[in-house]
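So the chains spell out like this:
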Amino acid sequence: MKVSIDKNFEIAQPVSKVWEYLLDPYKVAECVPGVKLTEKISETEYKGDVGLKLGPVNASFNGVITYAKVDEVAREIHLVGKGVDKKGKGSVEMALEMKLQESGNVTMVNTTMNVTVIGVMAQFGSRLISDVSDHIFKQFVENFQTLLAGKEIDDQDKQIHGGAVAGTVVKSITSKLTSGVKNIFSKKDKKEENENE
Amino acid sequence: MEFTCKTSKEIGGMGHSLKRREDDRFIQGKGNYVDDVKLPGMLYMDIVRSPYAYAKIKSINTEKALAIDGVITVITGKDLEEHNLHWMPTFLSDTQMVLPTDTVMYQAQEVACVIATSRYIAADAVEAVEVDYEPMKPVMDPHKALDPDAPVLRTDKEGKKDNHIYHWENGDREKTEEVFKNADVVVKEQIYLPRIHVASIETCGCVADYQTATKKMTVYMTTQAPHAVRTVVALVAGHVGLSEERIRIISPDLGGGFGGKVPIYPGYIVAITATFLIGKPVKWIEDRTENLQADSFARDYDMTCELAATKEGKIQAFRIKTLADMGYTDGSANPSKYPAGMFSICTGSYDYSTAFAEVDAVYTNKPPGGIAYRCSFRVTEAAHAIERMVDILAQKIGKDPAELRMENFIKKDQFPYKSALGWEYDSGDYHAGLEKAMNMIGYDELRKEQVEKRAKGEYMGIGICTFTEIVGAGPSKDFDILGLKMFDSAEIRVHPTGKAIARFGTKSQGQGHETTYAQIIAEELGIPAEHITIEEGDTDTAPYGLGTYASRSIATAGAAAAIAARKLRDKARKIAAYLLEVSEEDLEWEPGKFSVKGAPEKSKTIQELVFAAYTNYPPGMEGGFEAVHYYDPPNLTFPSGAYICVVDIDGKTGAIKVRRFVAIDDCGNIINPMIVQGQIHGGLTQGIAPAMYEELIYDDEGNILNGSFMDYLVPTAVESPKWETDHVVTPSPHHPLGAKGVAESPTVGAPPAIVNAIVDALSPLGVTHVEIPVTPYKVWKILKEKGVVD
Amino acid sequence: MIPASFDYHRASTLQEAFTFAQEYGEDAKYLAGGHSLIPMMKLRFSEPAHIIDISRIQGLKYIKEEDGILKIGALTTEADLEFSDLCHDKYPILVDVSKLIGDPSVRNKATVGGNLAHGDAANDHPAVMLALKANIVAEGPNGTHNIPVDEFFKGFFETALEQHDILIEIQIPATKAGNGGAYNKIERKVGDYATSGVAVNLTVDTSDTVVDIGIGLTNVNPVPMRVSRAEEALKGNKLTQELIEKAGKIAGEDCSPTADLRGSEDYKRSITKELTIRTINKAWERAKASL
């Protein structure tokens, strides 16, 4: 199943610094909850471990992060993270497209995140996947801001945690205008959704 | 309805509501299912399944799994390839992987099998098998499967250039076109019957036991057709030394089949291979999710339907064009000549002479199937199409749907009736059925109530379905599976003391054969039903037959039982003539005894005559009292029904309440009214299931999104309305007992009745069709679209 | 559907349970009725190495009124609530909710404490306890502490329970004249998680003015949710259909449902609104009857 999240946010840092941090896979990985890079395969590909813990639920993945597109002129960056479940239950792909824009001392970040989940997690986790994706993304943004501000990300924020989730209780008020979580679950529904668009 | 019985209650022949004798052991938890079979030294199999719908297998590493204490072996497609066992035929002459050697074709496909000393170790080892996949973009939408840029899925088939499986058609295309051109009224609708699953309570599995000393293979197996399985296994594995006389298939108690236990699944073949190679019994039992995700689906027909009529509503022609999504192989278990099954019954219960039906089947990255879920091969699809279209026509011309049906029905005196697509309907009285249903439900009052409710803005609907079924496959001139003619059999052995055992080629999965077959023999021989043991499912002892599905047991094996019993009655007559010293013509039969005409005190009971068959039979006669018959039906049977459903819809939430449901069935003469009623209750519940709840949902990535009972919504007693049932009886003229079969009628007839009621409720909003399953969410979307809710 | 290997420990006292929990740390999970944890283990989404069975600890299974408080022991089963005379007479909202959980065999095993401690917004009791303004009593190796229900739910499967804590009791202010509660949910079929569920606990005076109100929602928000804005809209005002309609509208607006197989976000908001209106009315009916 696929979840697509569009989000725009501001970072109170100059665009050059944000860009520099985004080009550093280790910095990016530090901000994504549960991710740890283990090996550099090439200039654009890195291996890592991904652990997901949600209450009693545990999953661990062999991950590969790829810089699929780096366009310095347009300040556009595409990052793809692929994780294959260590027990053969499926895979998760997270494609992150970010476009930076300077506006004064602030950097505007336009982001689209496409999450594709295949296997057992899609079969049983469908009621949670879009919320969890949303929260991982939110936590990533918070961590990224922390890092850019020169602060340490505390250990708790390196895992998915309840605080991030509880924070979205107000999702409907704060992010409704900029985020559209779409869930495509059947041929028929899809057709209808397309018609509505 | 009252049933007249020819036999006394003690004999318990046809028409008696005998309690199901199999229920004693089921109620006490003493049934013997495949998973109850435990053999010394038995090993356990579990299956590594693909998380991807379409992927290349780059490598399979079994090292870590094999290192686990208790793991005996891991079997892969490459291992089977060494014995040429990696592919097997399907019933419709397509091919199916047992285990893949290079490509997986659907999510949850078998990839490798672990054999271990315990079920738990096997499950641990499954997680330790490392499979490296290269995922590919799957073909999930059958409408896109034939696009020029769609990947060709079956590259294993030499020269295959697209994903088209077959084109089937029936009827006169040009003549139909002509009638449509000139018709006053034409209605058209695209009707999709989604992919569903039989979801029997017992999943599939087997215990395969190869004895190296005797070289005999015994397989306890969840199968509806044990003999056919034996033959197929012999054909597939004969080259490795498993010839048919060494194979014994035992189908013990089954917890539901509904067509899902007709196909031969890869798990069976691997378990059989494993025991053959290892020399120890191997048990494989699917869990619920494996069953839902990998075993055969049903339906998945996308039908474009058109009906032509006069402006008064006289139906003139029917045309239907269908796209069938078969998954990656055609796993239908249909008679060979009928790739689309009995779909040409789609002209329904109505009198018109022109029709054209066609089906194109395609491959996609979904599990195989196309099985006949409680339905005689695509009859459910056919009935849904015509019964929806008749309502759409009625709505279009503003006529009451009951009236429109009454005006178009085939009349009682037109039987036997040749349908537009060539079937010879054997019997029926459709007017009587609908009239009875309308009286029982109070149709006219309901219509009045509906007018009042509509004035208040409430949504109440009344839906009718008057279907004709086609069951009992089938006459040998047209019906075979893999060349095996679709007769069925009964063998009766009466012991010297007048008690009997009878064996059949069919296999009950809950139908109550142990009770009804005994009643048939009791009816014909006068031996009390309770003195007759019924056995099925053991290929070493039962006579050959094609098994139980398509409502065929009573139509074929039931008829065989009656005729075998009549052969014995003829023998009994000869012995009676000998003992009573009269000629055969001077004897009179009443259930249980022969007496001399005009001298009723001179008589011999059947028990006395059976005893004489062992102790004092006429010179020249063969001793013993046994008969066997293989019954080849002259025609199919055509049960019918008139169903009416009343629904109330919550205009704010879309919630649908089935207020009443009346089912009038004509299944010909009835053997056990209570069992028939039970069949109808169960079948109606399995009819409301696809109408309002069930659908297998896949996403574009190939995930099945509801492969567990958490999201695959099987209705329970809570969701079921109170079913109200009754009958009209028109005996089948060609069946020895006048019976037609009943099990599938309610599954076929219920969904259109429910949908017609829902559409009727929403018709003031301009709604003419809703796809099944009609969920509250779907209704809410309509209410929102029409501005009823915000 | 075969869980990973684990060790099983049966605790007969809370103290024993804490000892196990401290010994096995993060690898251990408490097991009560097992109707949330065991399915996850069978799917191998959850693979605790140690299971500490607390279901046989004595003294945690009761429904009683004491000092103006209704006290429910954590190991009280759904069936206990469903057939409790006290609940039938005075707390029908608890009968409403228990009847809508699973099926009879589930209700015979599943516990109220487990339903809350699992921290799943799709479970039914969280919304009910929010409406009832319950107090959660937890006990750990360092003694007991009270957690107001509003501080209890932290996120997906996350609660304010500390690592070794066991939820031991739920405390609810005792009902009084003018108080009535109700719970209802829309589900796809019996036993399903709610598409939306609404719990209302309402106290009115003889002039139908709202003295106290609690509204909780099930499965239309990432965490169990109180509809504070609707509560504020009602509190201190005389109940009318217009006002109830307004509260329903707020519930539909303020929840944050996610589209899934049950339906779209819009659908869930819409039925949450309608269900809120109906449930407030049902609670009002009961509240009036108690005056």
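Quick notes on the rules
Residues numbered from 1 in each chain as written. Chains lettered and ligands numbered in written order. Predicted model: local features only at pLDDT ≥ 70, side-chain atom pairs only at ≥ 80, totals over all residues. Heavy atoms only, no water. Helix = DSSP H or I, 4+ residues; strand = E, 2+ residues; numbered from the N terminus. Rg over C-alpha atoms; globule rule 2.2 N^0.38 Å. Buried < 20%, exposed > 50% of the residue type's maximum accessible area, 1.4 Å probe, protein only. Areas by Shrake-Rupley, 256 points an atom, 1.4 Å probe, with all protein chains shown as cover. Lys, Arg positive; Asp, Glu negative; His and termini not counted. Charge placed at Lys NZ, Arg CZ, Asp CG, Glu CD. Polar contact = N/O pair within 3.5 Å; in protein donor to acceptor, adjacent residues only side chain to side chain. Contact = heavy atoms within 4.5 Å. Axes fitted to C-alpha atoms, helices over the stretch in contact; angles between N-to-C directions. Parallel < 35°, antiparallel > 145°, perpendicular 65-115°, else oblique. Left-handed = near helix turned anticlockwise from the far one by under 90°. Nonpolar A, V, L, I, M, F, W, Y, C, P; charged D, E, K, R; others polar. Pairing = 2+ DSSP bridges. Domains from an automatic or database assignment. Buried area = accessible area lost by both parts, 1.4 Å probe. Salt bridge = Lys/Arg side-chain N within 4 Å of Asp/Glu carboxyl O. Arc of directions from axis to C-beta.

1. Regarding the overall build of chain B
Summing up its helical and strand segments, chain B has 18 helices and 33 strands in all. Over its C-alpha atoms chain B spans a radius of gyration of 27 Å, differing by no more than 12% from the 28 Å that the globule rule assigns to 790 residues. With the principal axes as the frame, chain B shows a C-alpha extent of 85 × 75 × 50 Å. Across the 790 residues of chain B, 66% fall into the buried class. Surface exposure of chain B reaches about 26900 Å², of which carbon and sulfur atoms provide 51%. Averaging the coordinates of the 83 positive side-chain charges in chain B and doing the same for the 111 negative ones gives two points 2 Å apart.

2. Concerning the side chain of Q224(B)
All names here are of chain B. Its place among the elements puts Q224 in the loop between β12 (216-221) and α6 (226-237). Its relative accessible area of 1% is what places Q224 among the buried residues. One polar contact links the side chain of Q224 to the main-chain amide nitrogen of G259, over a distance of 2.9 Å. Polar side-chain contacts of Q224 include one of 2.8 Å to the backbone oxygen of T548. If sequence neighbours within four positions are ignored, Q224 has contacts with L254, G257, F258, G259, G260, K261, V262, K507, Q509, G547, T548 and Y549.

3. Points about the packing of helix α16 (residues 673-692) of chain B against helix α17 (residues 745-762) of chain B
All names here are of chain B. Running from N to C, α16 and α17 point in directions that differ by 45 degrees, and their axes come no closer than 7 Å. With respect to each other, α16 and α17 are oriented oblique. Of the two elements, α16 crosses α17, and the hand of that crossing is right-handed. Across the interface between the two elements, Q679, I680, G683, L684, Q686, G687, I688, P690, A691 and M692 of α16 pack against P746, T747, A750, P751 and I754 of α17. Classifying every residue of the contact of α16 with α17 by side-chain character gives 10 nonpolar, 5 polar and no charged.

4. A closer look at the sheet that holds strand β2 (residues 55-61) of chain B
Residues and elements named next belong to chain B. Strand order in the open sheet formed by 3 strands is β6-β2-β8, with antiparallel pairing between adjacent strands. What marks the edges here is a single partner per strand, and that holds for β6 (103-104) and β8 (130-135). Here β2 runs beside β6; their pairing, made up of 2 bridges, is antiparallel. Opposite A55, over in β6, you have V104 as the bridge partner.

5. A word on the domain arrangement of chain B
Residues and elements named next belong to chain B. You can read the domains of chain B as domain 1 (23-31 + 488-631), domain 2 (34-136 + 204-285) and domain 3 (297-473 + 635-785). With 18 residues of domain 2 in contact, the opposing surface of domain 3 contributes 24 residues. Here domain 2 packs against domain 3, burying approximately 1700 Å² in sum over the two surfaces, 59% of which is carbon and sulfur. When the buried area of domain 2 at its contact with domain 3 is split by residue, L92, Q107 and F258 rank highest and sum to 39% of it. Summed over the shared surface of domain 2 and domain 3, the result is 0 salt bridges. Remark: the boundary between domain 2 and domain 3 carries 11 residue pairs in polar contact (both at pLDDT 80 or more). Residues belonging to the side of domain 2 that touches domain 3 are distributed by class as follows: 10 nonpolar, 7 polar and 1 charged.

6. Notes on the sheet that holds strand β2 (residues 28-31) of chain C
Residue and element names in this part refer to chain C. In space, the 3 strands of this open sheet follow the order β1-β3-β2, with parallel pairing throughout. In this open sheet, the two edge strands, each paired with only one partner strand, are β1 (7-10) and β2. Neighbour-to-neighbour, the strand axes of the sheet open up by a mean angle of 25 degrees, direction not taken into account. In this sheet, strand β3 (residues 50-53) lies alongside β1 in parallel orientation, the contact comprising 4 bridges. By the bridge assignment for β3, H9 is matched with I52.

7. Structural notes on unusual backbone geometry
A negative phi holds for most residues other than glycine; trans holds for most peptide bonds. All names here are of chain B. With an omega of -20 degrees, the peptide bond running from A473 to G474 counts as cis. When you line up the elements, G474 lands in the loop between β21 (459-468) and β22 (480-481). Positive phi is not limited to glycine here, since R378 has a value of about 70 degrees. Note on placement: R378 falls in the loop between β18 (369-371) and α9 (379-397). Positive phi, close to 60 degrees, is recorded for A550, a residue that is not glycine. On the secondary structure map, A550 appears in the loop between β26 (532-536) and α14 (553-580).

8. Structural notes on the interface of chain A and chain B
Opposite the 23 residues of chain A that make contact, chain B presents 24 residues. Of the roughly 2000 Å² buried between chain A and chain B, counting both surfaces, carbon and sulfur atoms make up 49%. Counting every contact that joins chain A to chain B gives 3 salt bridges. Here K2(A) and E701(B) are joined by a salt bridge, their closest N and O atoms 3.4 Å apart. When residues of the side of chain A that touches chain B are traced back to their parent elements, those giving at least two are β6 (90-103), β7 (106-119), α3 (120-124) and α7 (187-196) of chain A. Broken down by element, the residue count for the side of chain A that touches chain B peaks at 5 residues, all from α7(A).

9. Section: the packing of α9(B) against helix α10 (residues 401-408) of chain B
Residues and elements named next belong to chain B. Two elements in contact, α9 and α10, have axes separated by 9 Å at closest approach and are oriented at 115 degrees. One finds that α9 runs roughly perpendicular with respect to α10. Where α9 crosses over α10, the two elements pack in a sense that is right-handed. The residues of α10 that touch α9, namely those facing E387, V390, D391, L393, A394 and I397, are P401, L404 and R405.

10. Looking at the pattern of salt bridges
Inspection of every chain in the model, using the stated rule, returns 88 salt bridges over all chains. Between K311(B) and E312(B) there is a salt bridge whose closest N-O contact spans 3.6 Å. Here K61(C) and D80(C) are joined by a salt bridge, their closest N and O atoms 2.7 Å apart. Placement of the pair is K61(C) in the loop between β3 and β4 (63-66) and D80(C) in helix α3 (residues 78-82), with a sequence separation of 19 residues. For D80(C), a relative accessible area of 27% corresponds to the partly exposed category. One salt-bridge network, in which partners are shared between bridges, spans K87(A), K89(A), D124(B), E127(B), R44(C) and E47(C).

11. What about α10(B)?
Residue and element names in this part refer to chain B. Among all positions in α10, only P401, A402, L404, R405 and N408 are buried. Axial view of α10: buried residues confined to an arc of 165 degrees, hence all on one face. Next to the buried residues of α10 lie β16 (315-325), α9, α11 (430-441), α12 (443-455), β21 and α17. The N-terminus of α10 is capped by D400, whose side-chain oxygen sits 2.7 Å from the backbone nitrogen of A402.

12. Things to note about the interface of chain C and chain A
By a frequent convention, interface size equals the accessible area lost on bringing the separate parts together. Taken together, the contact pairs 34 residues of chain C with 31 residues of chain A. Buried surface at the junction of chain C and chain A, both sides included, amounts to about 2600 Å², of which 60% is carbon and sulfur. Close ionic contact of E47(C) with K87(A) constitutes a salt bridge, the shortest N to O distance being 2.6 Å. Counting across the interface, chain C meets chain A through 4 residue pairs in polar contact (both at pLDDT 80 or more). Of all elements in the fold, only α2 (37-42), β8 (153-155), α10 (241-254) and α11 (265-289) of chain C reach the threshold of two or more residues within the side of chain C that touches chain A. The class makeup of the residues in the side of chain C that touches chain A is 14 nonpolar, 7 polar and 13 charged.

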